[in-house]
Amino acid sequence: MRIFLGVPFHSDHLAQLQEQLRVEGYSANPQLHATLKFFGEISSENVEHIHATLQTLSFPSFFVTLNRIATFSNNRKVLWVNIVGEELLQLHKAIDSLLSLLFPKDSRFTPHLTLARTKALFSKEVVEKYQKQFLPERHEVHSIILYESRLQGAHHVHVPLHIYTLEQHKAY
């Protein structure tokens, strides 16, 4: 099983940008998420260990900001949206610590949503075009999902296995 832990996102604006990217011939997965931890190919026993461990996670819901579109400097085949939020970094560290007995800690974590991929490189002009169309958004993170990534045809489909709800803020 190819497994990862992610934060789901829904955005009508980003869905419109993705549709435009698809029309232009780019590969855009409609299941927007930020990957918190990629486990790769693991056994069902390890999936159950992850699930049991994540059920002990205690973390409050929080807000993040999607603030810009970019490509990685070392991989211009991926067009992504940057995510800003200290709490997301803290959540990543908490999950890394919880699962450190079974999986190595991530040495690097760049919070982002992948908008589209290409086999060639995204040109500067294409990146700038989408940067101009992008509108910053604020989102509440209230759950994380353990996904199985299944190859269907030429695309991966992300199947939710377990959903973990973060603690809601208490009103005083």
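See the structure shown above.
Cut-off values and rules
Residues numbered from 1 in each chain as written. Predicted model: local features only at pLDDT ≥ 70, side-chain atom pairs only at ≥ 80, totals over all residues. Heavy atoms only, no water. Pairing = 2+ DSSP bridges. Helix = DSSP H or I, 4+ residues; strand = E, 2+ residues; numbered from the N terminus. Axes fitted to C-alpha atoms, helices over the stretch in contact; angles between N-to-C directions. Contact = heavy atoms within 4.5 Å. Buried < 20%, exposed > 50% of the residue type's maximum accessible area, 1.4 Å probe, protein only. Arc of directions from axis to C-beta. Expected span 1.5 Å × (residues − 1). Polar contact = N/O pair within 3.5 Å; in protein donor to acceptor, adjacent residues only side chain to side chain. Phe/Tyr/Trp six-rings, centres within 6.5 Å; stacked < 30°, edge-to-face > 60°. Lys NZ or Arg CZ within 6 Å of the ring centre and 35° of its normal.

**Student:** How should I be thinking about the sheet that holds strand 8 (residues 155-165) in this particular structure?
**Tutor:** Two orientations exist for strands paired in a sheet by backbone hydrogen bonds: parallel and antiparallel. One open sheet holds the four strands; their spatial order is 2-1-7-8, and the pairing between them is antiparallel. The open sheet has two free edges, formed respectively by strand 2 (33-41) and strand 8, since each of these has just one partner strand. Strand-to-strand twist in this sheet, taken as the mean axis angle between neighbours without regard to direction, amounts to 25°. Note: strand 7 (residues 143-152) against strand 8, 10 bridges, orientation antiparallel. Within the sheet, the bridge partner assigned to I144 lies in strand 8 and is Y164. Contacts from helix 2 (residues 44-54) reach strand 1 (2-8), strand 2, strand 7 and strand 8, with the element oriented near 40° to strand 8. Helix 3 (residues 86-98) contacts strand 1, strand 2 and strand 7 of the sheet and is inclined by roughly 20° relative to strand 2.

**Student:** Help me out: how do you make sense of the sheet that holds strand 4 (residues 75-84) in this one?
**Tutor:** One open sheet accounts for four strands, arranged 5-4-3-6; its pairing is antiparallel. Here the strands that pair on one side only, and so sit at the sheet edges, are strand 5 (112-117) and strand 6 (137-141). Put simply, the sheet's adjacent strands are angled 35° from each other on average, direction ignored. In this sheet, strand 6 lies alongside strand 3 (residues 62-72) in antiparallel orientation, the contact comprising five bridges. Among the inter-strand pairings, T65 is bridged to a residue of strand 6, identified as R138. Strand contacts of helix 4 (residues 124-133): strand 3 and strand 4, with the helix running at about 155° to strand 3, the strand carrying the most contacts.

**Student:** What is the right way to look at helix 4 in this model?
**Tutor:** Where helix 4 is concerned, the buried positions are V126, V127 and Y130. Looking down the long axis of helix 4, one finds its buried residues gathered within 100° of arc, a one-sided arrangement. Among the exposed residues of helix 4, those oriented more than 90 degrees off its buried face are K124, E125 and K132. Those residues of helix 4 hidden inside the fold are in contact with helix 1 (12-23), strand 3 and strand 4.

**Student:** What exactly am I supposed to notice about the environment of F62 here?
**Tutor:** Relative to the helices and strands, F62 is located in strand 3. In sequence terms F62 and H33 are 29 residues apart; their C-alpha atoms lie 16 Å from each other.

**Student:** Before we go on, may I ask you to explain helix 1 in this structure?
**Tutor:** For the α-helix, the turn length of 3.6 residues means that residues three or four positions removed from each other point alike. In this model helix 1 runs 17 Å from its N-terminal to its C-terminal C-alpha over 12 residues, within 8% of the 16 Å that 1.5 Å per residue would give. Of all the residues in helix 1, the buried ones are H13, L14, L17, Q18 and L21. The buried residues of helix 1 occupy an angular sector of 135° when projected down its axis, which confines them to one face. In helix 1, those exposed residues whose orientation departs by more than 90 degrees from the buried face are D12, Q16 and V23. Of the surrounding elements, those touching the buried residues of helix 1 are strand 3, strand 4, strand 5, helix 4 and strand 6.

**Student:** What is the right way to look at the side chain of S61 in this model?
**Tutor:** The residue S61 is located in the loop between helix 2 and strand 3 in this model. A polar contact of 3.3 Å, which involves the side chain of S61, links it to the side chain of E140.

**Student:** Explain the side chain of H33 to me, please; I cannot follow it from the model alone.
**Tutor:** Mapped onto the secondary structure, H33 falls in strand 2. Side-chain polar atoms of H33 contact the side chain of T35, separated by 3.3 Å.

**Student:** Mind showing me how you'd approach the packing of aromatic side chains here?
**Tutor:** Note on aromatic pairs: each is described by the distance of the centres and the angle between the planes. Tallied over the full model, the rule gives five aromatic pairs. Arranged with centres 4.8 Å apart and planes meeting at 25°, the rings of F72 and W80 form a pair that is stacked. Taking relative accessible area as the criterion, W80 reaches 5% and is therefore assigned buried. Looking at R138, its charged tip hangs above the ring of F63, at a distance of 4.1 Å from the centre.

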